[in-house]
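Spelled out, the chains give:
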Amino acid sequence: MERRLSVATHWGSFVAVVDSGRLVRIEPRDDDPAPSPIGPGMVTAADDGARVLRPAVRKGWLDGLPRANDTARGADAFVEVSWDDALTLVSEELRRVREQHGDSAVFGGSYGWASAGAFHNAQGQLHRFLALGGGYTDSRNTYSTAALEVVLPHVIGGHPWSYQSRMPMWDEIAEHCEFVVAFGGLALKNSQINPGGLARHRTRDLQRRCRAAGVRFVNVSPIRADTAGFLDAEWLPVVPNTDTAAMLGIAHTMLVNGWHDEDFLRRCCVGFDRFAAYLLGEADGVPKDADWAARITGIGRDALTGLARRLTERRSLVMVNYAVQRADHGEQPIWMSVVLAAMAGSMGRPGCGWGAGYATMDATGVAPGRPFVASVPAVPNPVADFIPVARIADALLHPGRTIDYDGRRLTLPELRLVYWCGGNPFHHHQDLHRLTRAWQTPDTVVVHEAWWNTTAKFADIVLPVATGLERDDFAAGFSDPHLVAMPKVREPAGESRTDHHVFAALAARLGYEREFTQGRSESAWVRHLYEETRAALGDGAALPDFDEFWRTSAAELPALTGPFPGDFGALRSDPGRFPLPTPSGRIEIFSEEIDSFGYDDCAGHPTWFEPAEWLGGDLADRFPLHLISNQPASRLHSQYDNGGHSLASKIHGREPVTINPSDAASRGIENGTVVRVHNDRGSCLAGAVLSDDVMPGVVQLSTGAWWDPVRPGTSGTLDRHGNPNSLTADRPCSRLSQGPSALSALVDVEVHDGPLPEVRAFTPPRLER
Ligand SMILES: Nc1nc2c(c(=O)[nH]1)N[C@H]1C(S)=C(S)[C@@H](COP(=O)(O)OP(=O)(O)OC[C@H]3O[C@@H](n4cnc5c(=O)[nH]c(N)nc54)[C@H](O)[C@@H]3O)O[C@H]1N2
Ligand SMILES: Nc1nc2c(c(=O)[nH]1)N[C@H]1C(S)=C(S)[C@@H](COP(=O)(O)OP(=O)(O)OC[C@H]3O[C@@H](n4cnc5c(=O)[nH]c(N)nc54)[C@H](O)[C@@H]3O)O[C@H]1N2
Ligand SMILES: [Mo]
């Protein structure tokens, strides 16, 4: 007898078809206008050979102390143990580290996307467990948008993500806007995703509506495919990491022609004069004019002046994506995009002005937010220490060292135990060779994983966990008004347990089970969180009770309506009455606060800094191709790289790398050739795809292929599979944000000669009993 059950994932909602407890297939929902093909491909991964079936402990770790500085991590065999033994090892090691080194020696930052689900939220569960046990060193900001999160509150004020409710929504753009310039494009592949899940993918149709309404789009990006064909966008290929220079050239043109919105700049912004002096080159003798910008960016002078004219003459919108700030000096294009919009004359007008992250997820630009949905209750962390998220290798390699961060001095803590649950640092961190060296320093690494991915292989203790298909929960995505039931569609593979179950058992051993579980079973928690969500809406909102919701999987939250705090329209109408939450109450074109930090790599106003690695620099003589490691179309980061959809995209089992035909021809590379992508940090194999959608001088290799080092534990070793972080630099954007700068990396590509090594990314390590 087939049953049909509701499924929620970060890439959408689906229907699971289950027969006698067996997951047969996953189908799109009828009411999803643009379902993601990632969903159906999950079925084969659920039981594949890479599943972690039993708790496992690295052999060398089991064999004895001292455990720090162990180069066998990543290369060792594992010994499978009982849950009882595994839980005893983890709880005793946590107790030992806390007693001998203090609570801050436990690193629980555990960055990562994990799975959809309000209750079974991996980080929420881990942080609650570690906080109740005495605390942990946390991480701050995200790999997605660290530079944006730190700089924007100085420029427009408010919560780092408040811009998402302050920028125009797609339907407003369709109605009011005429001209959109998108720095980094509007890649529809990325709008498959919404953090926490979503019921219906809407971005594609909303973009179509804009086009039908006559909105003109310009795609400023190294990759043509960053805008959908139906948008008929004008493509301006840009040398990667030079958007700030392009925007400065446009701004200079506006200024010298008097096209800029003087009234808005005077009433609603601070510091335009000092910025204008920089634009005109008064101090450094270099006017940032269109000729100057053309030489840096590769965009023609006339195209830049044309953009200046159209942005000021028409009702316009400046969009900036996230990839442009995941780069050296990534704060600058974000800050400068706000300044450009402020100059253009449309800031604060309906459907116009400025916005970030359109189409990077289905939520951004679709809805400004949603009402509160309850999640695992957080417990205050007794440990104040934290690291900026991308400084994990620095902390492990250089404890005690001090670094700058947003006007503060931070001391990197000494981390002895690393606990990761719901993230994959051996995919997401830059320069995996450096991470390999850093990973050898702690005493113990504990990882909760469902699959033997690279992070699991680099752990000391691996605890097998249930996937999002293997537990009861409900989902509420970011900005998505729908609540989606997530009944368990299959039993957990092997001996896997939910993260919550594991933490409850560890808390029992450590003497705080009651505090952790509050005496509730998992199903009681799910019901409780749903009812809490319902209660928070008050009497007016018509959410069904839990049993009905569970039966029908249909519940819709009321829409939020603006204006939201910090609204630019209100600012334009009366800046005295509606100030922004910045020190001046205005848009800070010049920030006294940032200026006072005295950083040499982030000044008081947007500035062009030459990136550490770019096509205009000296290193390009040796490595003449800029590596764009963007988000994969075929999966979410590394998740379901072992799923059917991602596997189907591989070439000779390797991740595809897209190369312009001219760059391929000069290297003897043909479509489908396995190539070696390399620089001084490392190398990886990948399968060549030739396309003039990628500008000459640029190669595109998506993130997330499970890293497959030939000699794990050895720095610089070849990756057989094609993870771009075997090539990227672990270099902070600047002293302001300390964010990751993954998109600032130069490489070269050559035909791979000789026999093809077998890909072992999806093969478990040697397992002993
Ligand atoms: N070079 C380069 N690197 C990048 C980027 C880039 O553009 N270029 N982008 C960066 C960005 S934007 C991001 S957000 C990061 C993403 O980095 P991550 O968020 O770390 O990537 P994911 O693949 O989503 O990893 C989630 C992991 O959690 C596991 N998991 C899923 N559900 C559960 C669960 O319920 N419990 C447990 N215990 N585990 C679970 C999955 O199996 C997977 O291994 O990568 C960053 N890295
Ligand atoms: N399918 C899918 N969708 C995803 C994700 C995923 O893993 N898979 N991840 C999600 C996450 S966590 C995030 S944070 C967002 C990320 O959203 P983004 O950061 O916006 O996405 P990316 O795909 O990394 O980059 C988009 C495009 O930016 C362009 N670009 C790169 N560098 C530059 C530059 O210097 N200048 C200009 N002008 N353009 C540049 C590239 O051509 C690239 O294709 O995506 C989300 N959506
Ligand atoms: Mo991200």
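What counts as what
Residues numbered from 1 in each chain as written. Chains lettered and ligands numbered in written order. Predicted model: local features only at pLDDT ≥ 70, side-chain atom pairs only at ≥ 80, totals over all residues. Heavy atoms only, no water. UniProt positions renumbered as here; feature names shortened; annotations may be inferred. Helix = DSSP H or I, 4+ residues; strand = E, 2+ residues; numbered from the N terminus. Rg over C-alpha atoms; globule rule 2.2 N^0.38 Å. Contact = heavy atoms within 4.5 Å. Areas by Shrake-Rupley, 256 points an atom, 1.4 Å probe, with all protein chains shown as cover. Lys, Arg positive; Asp, Glu negative; His and termini not counted. Charge placed at Lys NZ, Arg CZ, Asp CG, Glu CD. 1 Å grid on protein atoms, 1.4 Å probe; cavity = no way out; pocket = protein on both sides within 12 Å on 5 of 7 lines; lining within 4 Å. Points joined across faces, edges and corners; volume = space filled by probe spheres on them. Nonpolar A, V, L, I, M, F, W, Y, C, P; charged D, E, K, R; others polar. Buried < 20%, exposed > 50% of the residue type's maximum accessible area, 1.4 Å probe, protein only. Polar contact = N/O pair within 3.5 Å; in protein donor to acceptor, adjacent residues only side chain to side chain. Pairing = 2+ DSSP bridges. Near = heavy atom within 4 Å. Axes fitted to C-alpha atoms, helices over the stretch in contact; angles between N-to-C directions. Phe/Tyr/Trp six-rings, centres within 6.5 Å; stacked < 30°, edge-to-face > 60°.

In the nomenclature of an unreviewed UniProt entry, the chain corresponds to Molybdopterin-dependent oxidoreductase from the organism Streptomyces roseirectus. The Cofactor (unreviewed entry) field of the UniProt record for the chain holds the comment "Mo-bis(molybdopterin guanine dinucleotide)". Looking at the chain in UniProt, the text filed under Sequence similarities (unreviewed entry) is "Belongs to the prokaryotic molybdopterin-containing oxidoreductase family."

K.L.:
What should I look at first to understand the overall build of the chain in this one?
P.N.:
When helices and strands are tallied, the chain shows 26 helices and 31 strands. Computed over its C-alpha atoms, the radius of gyration of the chain comes to 26 Å, within 12% of the 27 Å expected for a compact globule of 769 residues. Expressed along its principal axes, the backbone C-alpha trace of the chain runs to roughly 75 × 70 × 50 Å. Pairs at least 24 apart in sequence give 75% of the contacts found in the chain among residues at least 6 apart. Summing over all exposed atoms, the chain offers an accessible surface of approximately 26,200 Å²; the carbon and sulfur share of this is 48%. Here the chain contributes 74 positively and 95 negatively charged side chains, and the mean placements of these two sets differ by 2 Å.

K.L.:
Honestly, empty space enclosed by the protein in this entry has me stumped. Any pointers?
P.N.:
One simple way to see leftover space: roll a probe sized like a water molecule over the atoms. The full count for this structure, using the stated rule, is four cavities of 30 Å³ or more. Counting only elements with at least two residues in the lining of the second largest cavity, the list comes to α9 (243-257) and α14 (331-344). Each residue belonging to the lining of the second largest cavity can be placed in one class, and the counts come to six nonpolar, seven polar and two charged.

K.L.:
What exactly am I supposed to notice about unusual backbone geometry here?
P.N.:
Most of the time, phi is negative for any residue but glycine, and the peptide bond is trans. Following G562, the chain continues to P563 via a peptide bond in cis, the omega torsion being -5°. Although it is not a glycine, S110 adopts a positive phi angle of roughly 50°. At Q518, a residue that is not glycine, the phi angle is positive and equals roughly 50°. Topologically, Q518 is positioned in the loop between α20 (513-517) and α21 (522-536). The exposure class assigned to Q518 is partly exposed, which follows from its relative accessible area of 37%.

K.L.:
Please explain the environment of R437 as it appears in this structure.
P.N.:
Following the sequence through the fold, R437 ends up in helix α17 (residues 432-439). By relative accessible area, which is 39% here, R437 ends up partly exposed. Residues R437 and A554 lie 117 residues apart in sequence; the distance between their C-alpha atoms is 49 Å. Those residues within four positions of R437 in sequence are excluded, and the remaining contacts are L397 and S715. One polar contact links R437 to S715, side chain to side chain, over a distance of 2.4 Å.

K.L.:
What am I meant to see in the pairing of strand β30 (residues 746-751) here?
P.N.:
The two faces of the sheet receive side chains in turn, since in a regular strand these alternate between them. As defined by bridge partners, strand β24 (residues 625-628) adjoins β30 across two bridges and the pair is classed as antiparallel. Each bridged residue has a counterpart across the sheet, and for L625 the counterpart in β30 is V747. The pairing of strand β26 (residues 674-678) with β30 spans four bridges and is classified as antiparallel. Note on β30: the bridge partner recorded for V677 is V749.

K.L.:
Would you take a moment to explain the pairing of strand β2 (residues 12-19) for this structure?
P.N.:
β2 sits mainly inside the fold: seven of its eight residues count as buried. Sheet topology places strand β1 (residues 2-9) next to β2; eight bridges connect them, and they run antiparallel. Each bridged residue has a counterpart across the sheet, and for S6 the counterpart in β2 is V15. Once β1 ends, the chain turns through two residues before running back antiparallel as β2. Sheet topology places β2 next to strand β3 (residues 22-28); six bridges connect them, and they run antiparallel. Along β3, the bridge assignment pairs D19 with R22. Hairpin remark: β2 followed by β3, antiparallel, with two residues in the connecting loop; positive phi at S20, about 45°.

K.L.:
Help me out: how do you make sense of the UniProt feature "domain: Molybdopterin oxidoreductase N-terminal" (unreviewed entry) in the chain in this one?
P.N.:
Mapped onto this numbering, the UniProt entry annotates "domain: Molybdopterin oxidoreductase N-terminal" (unreviewed entry) at residues 8-43. Along residues 8-43 the backbone is 6% helical and 47% strand, and the end-to-end C-alpha distance reaches 14 Å.

K.L.:
Just checking my understanding: could you explain the site of ligand 2 for this structure?
P.N.:
Neighbouring ligand 2 are 31 residues, the closest being D226, N241, D243, R326 and H637. Between ligand 2 and T360, the relevant distance is 3.1 Å, taken from a nitrogen atom to a main-chain nitrogen or oxygen of the residue. P632 is positioned with one of its backbone polar atoms (N or O) 2.8 Å from a nitrogen atom of ligand 2. Burial of ligand 2 by the surrounding chains reaches 99%, relative to a free accessible area of 920 Å².

K.L.:
What exactly am I supposed to notice about the sheet that holds β2 here?
P.N.:
Within a sheet, each strand pairs with its neighbour through backbone hydrogen bonds, oriented either parallel or antiparallel. Reading across the sheet, the three strands line up as β1-β2-β3 and stay open at both edges, with antiparallel pairing between neighbours. In this open sheet, the two strands that pair with only one neighbour each are β1 and β3. Averaged over all pairs of adjacent strands, the angle between strand axes in this sheet comes to 30°, irrespective of strand direction.

K.L.:
So what exactly am I meant to see when it comes to the site of ligand 1 here?
P.N.:
Surveying the vicinity of ligand 1 reveals 32 residues, the closest of which are S115, H428, E449, D499 and S638. Taking H448, its main chain carries an N or O atom lying 3.2 Å from a nitrogen atom of ligand 1. When ligand 1 is considered free in solution it has 910 Å² of accessible area, and contact with the protein chains removes 97% of it. Counting only elements with at least two residues in the shell around ligand 1, the list comes to α16 (425-428) and β18 (444-449). Among the residues making up the shell around ligand 1, the classes are represented as nine nonpolar, 19 polar and four charged.

K.L.:
I'm lost on the packing of aromatic side chains in this one. Help?
P.N.:
The description of an aromatic ring pair uses the distance of the two centres, along with the angle that the planes make with each other. What the rule picks out here adds up to 31 aromatic pairs. Ring centres of F426 and F458 lie 4.2 Å apart, and the angle between their planes is 20°; on these two criteria the pair is classed as stacked. With F426 in helix α16 and F458 in the loop between α18 (454-457) and β19 (461-464), the pair connects residues that are 32 residues apart, well separated along the chain. Note on F458: relative accessible area 2%, which makes it buried. When the centroid spacing of 5.5 Å and the interplanar angle of 45° are considered together, the rings of F597 and Y599 count as tilted. Residue classification places F597 among the partly exposed residues on the basis of a relative accessible area of 21%.

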